[in-house]
Amino acid sequence: MTIYMQSAVRAPESAPVTEAERKARVELAAAYRIFNMLGWVEMIFNHITVRVPGPVVAGRESLRFLINPFGLHYSEVTASNLLLIDIEGNPVREAKYPVNRAGFVIHSAIHGAIEGAHCVMHTHTTSGIAVACLKGGLSPDNFYGAMLHGQVAYHEFEGITVEEGERERLVRSIGARQAVILRNHGLLAWGPSVPQAFMVLWTLQRACDVQIAASAAGQVNPIRPEVFEQTVREGGPAEKRTCDDVFAALQRQIDAKDPSYRN
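Residues numbered from 1 in each chain as written. Predicted model: local features only at pLDDT ≥ 70, side-chain atom pairs only at ≥ 80, totals over all residues. Heavy atoms only, no water.

Colleague: What exactly am I supposed to notice about the overall build of the protein chain here?
Modeller: In terms of regular secondary structure, the protein chain is built from 8 helices and 9 strands. Dimensions of the protein chain along its principal axes, counting C-alpha atoms only, are 60 × 45 × 35 Å. Buried residues in the protein chain amount to 48% of all 263 residues. Contacts spanning at least 24 positions in sequence make up 72% of the contacts within the protein chain whose residues lie at least 6 apart. As presented, the protein chain carries roughly 12400 Å² of accessible surface, and 53% of it is formed by carbon and sulfur atoms. With 25 positive and 27 negative side-chain charges, the protein chain shows a separation of 2 Å between the mean positions of the two kinds. (Helix = DSSP H or I, 4+ residues; strand = E, 2+ residues; numbered from the N terminus. Buried < 20%, exposed > 50% of the residue type's maximum accessible area, 1.4 Å probe, protein only. Contact = heavy atoms within 4.5 Å. Areas by Shrake-Rupley, 256 points an atom, 1.4 Å probe, with all protein chains shown as cover. Lys, Arg positive; Asp, Glu negative; His and termini not counted. Charge placed at Lys NZ, Arg CZ, Asp CG, Glu CD.)

Now the structure itself:
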């Protein structure tokens, strides 16, 4: 099965860009540039997606989301070249680039089934995949891992994620947990906003980084079980203001370096 989904197979509708979509495009493009700055890049692969309000049909709002054009590096993503697709992967407007099927299957499953999943992020970082390959998964025995104690979902590897039948199993594996480890594959996070999804993923990534470094250095000192509840409650992902401030600070950095993502 091909990993490409053609972007202009069917005639796209004429849909004006709303103010909500315009803001979402800028924020999502900023997220791609932030990922690039942090080194969370896998050539042209992986995805960050954001829901965009669609028209109301039969009393229900149709689901649409923005995704990166398949073929562009994260450093090339801009507000204007992001693709708007529906829940079936069809482009809402004509586009120059195709959609990556694996990205569509994973992200459409989560956007479609989890009401609070406004933003979904997926990475293939080295330490993230390394922890995903470990039988024991993520350790809670470091500062960042402790913040996610009891908060991480796991989904078994089924090959390249292009089979639509996997969507139901993926959603079942995730449940209500926003931090996800795709076994032998990589990391994933979702949230009610881009900053909140980012903070979950950043914390998960840092937990993996420290775990791999600590395990190579010697015997790890365990955290006392009674400490976990307070650490989860007081951790960065639990505080919306912290999530917003972290993302805003990183966005200021990319604005200072190269604000072309806003175009």
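Colleague: Teacher, can you tell me more about the side chain of histidine 107 here?
Modeller: Along the polypeptide, histidine 107 turns up in helix α2 (residues 101-113). Side chain to side chain, histidine 107 and threonine 49 meet in a polar contact 2.6 Å long. Filtering out sequence-adjacent residues up to four positions away, histidine 107 remains in contact with His47, Ile48, Thr49, Phe65, Val120, Met121 and His122. (Polar contact = N/O pair within 3.5 Å; in protein donor to acceptor, adjacent residues only side chain to side chain.)

Colleague: For this particular structure, what's the right way to read the pattern of salt bridges?
Modeller: A side chain with one charge can pair with a side chain of the opposite charge if their charged atoms come near. This model, assessed by the stated rule, comprises 14 salt bridges. For arginine 172, the salt bridge is made with glutamate 168, and the minimal N-O distance between the two is 3.6 Å. Of the two residues, arginine 172 and glutamate 168 both sit in helix α5 (residues 166-174), 4 residues apart, roughly one turn of that helix. A relative accessible area of 59% means that glutamate 168 is categorised as exposed. Between lysine 240 and aspartate 244 there is a salt bridge, with the nearest N and O atoms lying 2.7 Å from each other. One end of the pair, lysine 240, and the other, aspartate 244, are both in helix α8 (residues 240-257), 4 residues apart, so they sit about a helical turn from each other. Judged by its relative accessible area of 48%, lysine 240 falls in the partly exposed class. Taken together, the salt bridges that share partners define one network made up of Glu21, Arg25 and Arg93. (Salt bridge = Lys/Arg side-chain N within 4 Å of Asp/Glu carboxyl O.)

Colleague: How should I be thinking about the pairing of strand β8 (residues 179-182) in this particular structure?
Modeller: For a regular strand, the rule is simple: side chains alternate between the two faces of the sheet. Here β8 shows no split at all, with Ala179 and Ile181 on one side and Val180 and Leu182 on the other all buried. Where strand β7 (residues 152-155) lies against β8, 4 bridges are found, and the strand directions are parallel. Residue histidine 155 lies in a different strand from β8, and its bridge partner there is leucine 182. For the crossover from β7 across α5 to β8, the handedness is right-handed. Alignment of β8 against strand β9 (residues 186-191), held across 4 bridges, turns out to be antiparallel. Across the sheet, the residue bridging to valine 180 is leucine 188, located in β9. Between β8 and β9, which pair antiparallel in sequence order, lie 3 residues; one of them, asparagine 184, sits at a positive phi of approximately 60 degrees. (Pairing = 2+ DSSP bridges. Right-handed = clockwise from strand over helix to strand, strands pointing away.)

Colleague: Just to check I follow, could you spell out the confidence of the model for the protein chain for this structure?
Modeller: The pLDDT averaged across the protein chain works out to 93; a share of 94% of its residues lies at or above 70. Scored below 50 in pLDDT, residues 7-11 makes 12 contacts in the model with residues more than four places away or belonging to other chains. (pLDDT = per-residue confidence, 0-100.)

Colleague: I keep staring at the packing of aromatic side chains and nothing clicks. Help me out?
Modeller: Aromatic ring pairs are defined here through the distance separating the ring centres and the angle between the ring planes. The tally for this structure, following the rule as stated, stands at 9 aromatic pairs. Geometrically, the ring pair formed by tyrosine 144 and tryptophan 202 is edge-to-face, given 5.4 Å between the ring centres and 90 degrees between the ring planes. Here tyrosine 144 is found in helix α4 (residues 143-147), whereas its partner tryptophan 202 is found in helix α6 (residues 194-217), with 58 residues between them in sequence. Since its relative accessible area comes to 16%, tyrosine 144 is described here as buried. A relative accessible area of 26% means that tryptophan 202 is categorised as partly exposed. (Phe/Tyr/Trp six-rings, centres within 6.5 Å; stacked < 30°, edge-to-face > 60°.)

Colleague: In this structure, what is going on with the packing of helix α1 (residues 19-38) against α6? I would like to understand it.
Modeller: Helices that pack against each other are described as a pair by the angle of their axes relative to one another and the distance between those axes. Interhelical geometry of α1 versus α6 gives an angle of 20 degrees and a closest axis separation of 11 Å. It follows that α1 is roughly parallel to α6 by the angle criterion. As for the relative orientation of α1 and α6, their crossing is right-handed in sense. Residues Glu27, Ala31, Ile34, Phe35 and Leu38 of α1 form the contact with α6, whose participating residues are Val194, Pro195, Phe198 and Leu201. Classifying every residue of the contact of α1 with α6 gives 8 nonpolar, no polar and 1 charged. (Axes fitted to C-alpha atoms, helices over the stretch in contact; angles between N-to-C directions. Parallel < 35°, antiparallel > 145°, perpendicular 65-115°, else oblique. Left-handed = near helix turned anticlockwise from the far one by under 90°. Nonpolar A, V, L, I, M, F, W, Y, C, P; charged D, E, K, R; others polar.)

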